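Inside the fold
Chain by chain, the residues:
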Amino acid sequence: MVILAVLALVLGVLVGTFDVQNFLLDALVSNKDLVLYLLMFSVGMSIGLHKGIIRKIKEYHVKILIIPAGIIVGTLLGGVFLSMITKYNVGESTSVVSGLGWYSLAGVTIGNLAGAQLGSIAFLSNLMREIFSFFTIPFIAKHFNYYSCIAPAAATSEDTTLPMMMKYTNEETVVLSVINGVLCSAVVPILIPLCYQLKF
Amino acid sequence: MLILVIMCIGICIGNRFLPPKYKKANEIFQIMCTLSLIFSMGVMLGKDEHFFDKLFTLGWESFLFFLVPSVCSVILVFILTNRFMDDKRKKEKD
């Protein structure tokens, strides 16, 4: 998926640079909001299909929220710190990091809110988060604890980075990882516009 | 807000009406939408005359926007889980 995403981006940049004119391409680019709505509808259905999630949430009770809360708060603190060392304000910085590794949604949503440049930063930084989490999970499992392995993966912990969780942690962490991924994925579409409204 | 409403409708339909056999088809549909959106974003970037000049800056800033939040979240989750959750691996060692 990561390779396909990078290929789609590179192909798009080439088409834009050489100003390729085509009816289908123009229709796709001008109706990207509609595609985003279809994507969100489909993501909602994916979350709805996780039938066992309610039972697991009851089993772990409030403790189930510790990991996603830690990830979200830690990520937002990082965003606030970045607003101090970059030219972006708190709203822009925190909205970029609010993608929690979901690079496609973050890139497109922030692109719509703040323009292509910040959208690209959101896309690339969240893509890096997903890619680097593959390599950091074994290190974190060895030097921190199993639960901390979920943190770099954030919203991707229920799908793309799950095989690494299975290999380097235990069953309990894998279950928590899936639940964390669902919760983080549900929060991302709310968090991005909410953070972007912060104007300081 | 509209995005959230659309997602909630999707959750209800997925939970109540969608048979699990369509899970794979739904995932493929998501991939198609995602790739279309990324491609559209690439087209917009490519149309920007100064895009390649900006690429170095974007790359460096993107790296910072990945690194800092990831490190902060790992540290915070480590502190919280050490304090509030049992690490079974630690128990096994003991």
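Data block above holds the structure.
So, here's what we can say about the structure. Note that the structure is predicted; figures quoted are calculated from it, not measured. (Residues numbered from 1 in each chain as written. Chains lettered and ligands numbered in written order. Predicted model: local features only at pLDDT ≥ 70, side-chain atom pairs only at ≥ 80, totals over all residues. Heavy atoms only, no water.)

Quick notes on the overall build of chain A
- Along chain A, the regular secondary structure elements total 11 helices and zero strands.
- Ordered by position from the N terminus, the helices and strands of chain A form the series α-α-α-α-α-α-α-α-α-α-α.
- A globule of 200 residues ought to have a C-alpha radius of gyration of about 16 Å, and chain A, at 18 Å, matches this closely.
- Its C-alpha atoms put chain A at 55 × 40 × 30 Å along the principal axes.
- Expressed as a percentage of the 200 residues in chain A, the buried residues total 56%.
- Carbon and sulfur atoms make up 72% of the accessible area of chain A, which amounts to about 8,500 Å² in all.
- The averaged location of the 10 negative side-chain charges in chain A is 9 Å from the averaged location of its 11 positive side-chain charges. (Helix = DSSP H or I, 4+ residues; strand = E, 2+ residues; numbered from the N terminus. Rg over C-alpha atoms; globule rule 2.2 N^0.38 Å. Buried < 20%, exposed > 50% of the residue type's maximum accessible area, 1.4 Å probe, protein only. Areas by Shrake-Rupley, 256 points an atom, 1.4 Å probe, with all protein chains shown as cover. Lys, Arg positive; Asp, Glu negative; His and termini not counted. Charge placed at Lys NZ, Arg CZ, Asp CG, Glu CD.)

Comments concerning the side chain of S125 of chain A
- Within the secondary structure layout, S125 of chain A lies in helix 8 (residues 116-143).
- At 2.7 Å, the side chain of S125 of chain A and the backbone oxygen of I121 of chain A are in polar contact.
- In this structure S125 of chain A touches V96 of chain A together with S62, F65 and F66 of chain B, once residues within four positions along its chain are discounted. (Polar contact = N/O pair within 3.5 Å; in protein donor to acceptor, adjacent residues only side chain to side chain. Contact = heavy atoms within 4.5 Å.)

Focus: the interface of chain A and chain B
- With 80 residues of chain A at the interface, the matching set in chain B holds 63 residues.
- Both sides together, the interface formed by chain A and chain B hides about 6,800 Å², and carbon and sulfur atoms give 79% of it.
- On the surface where chain A and chain B come into contact, there are zero salt bridges.
- Summed over the shared surface of chain A and chain B, the result is 11 residue pairs in polar contact (both at pLDDT 80 or more).
- By residue class, the composition of the side of chain A that touches chain B is 50 nonpolar, 22 polar and eight charged. (Buried area = accessible area lost by both parts, 1.4 Å probe. Salt bridge = Lys/Arg side-chain N within 4 Å of Asp/Glu carboxyl O. Nonpolar A, V, L, I, M, F, W, Y, C, P; charged D, E, K, R; others polar.)

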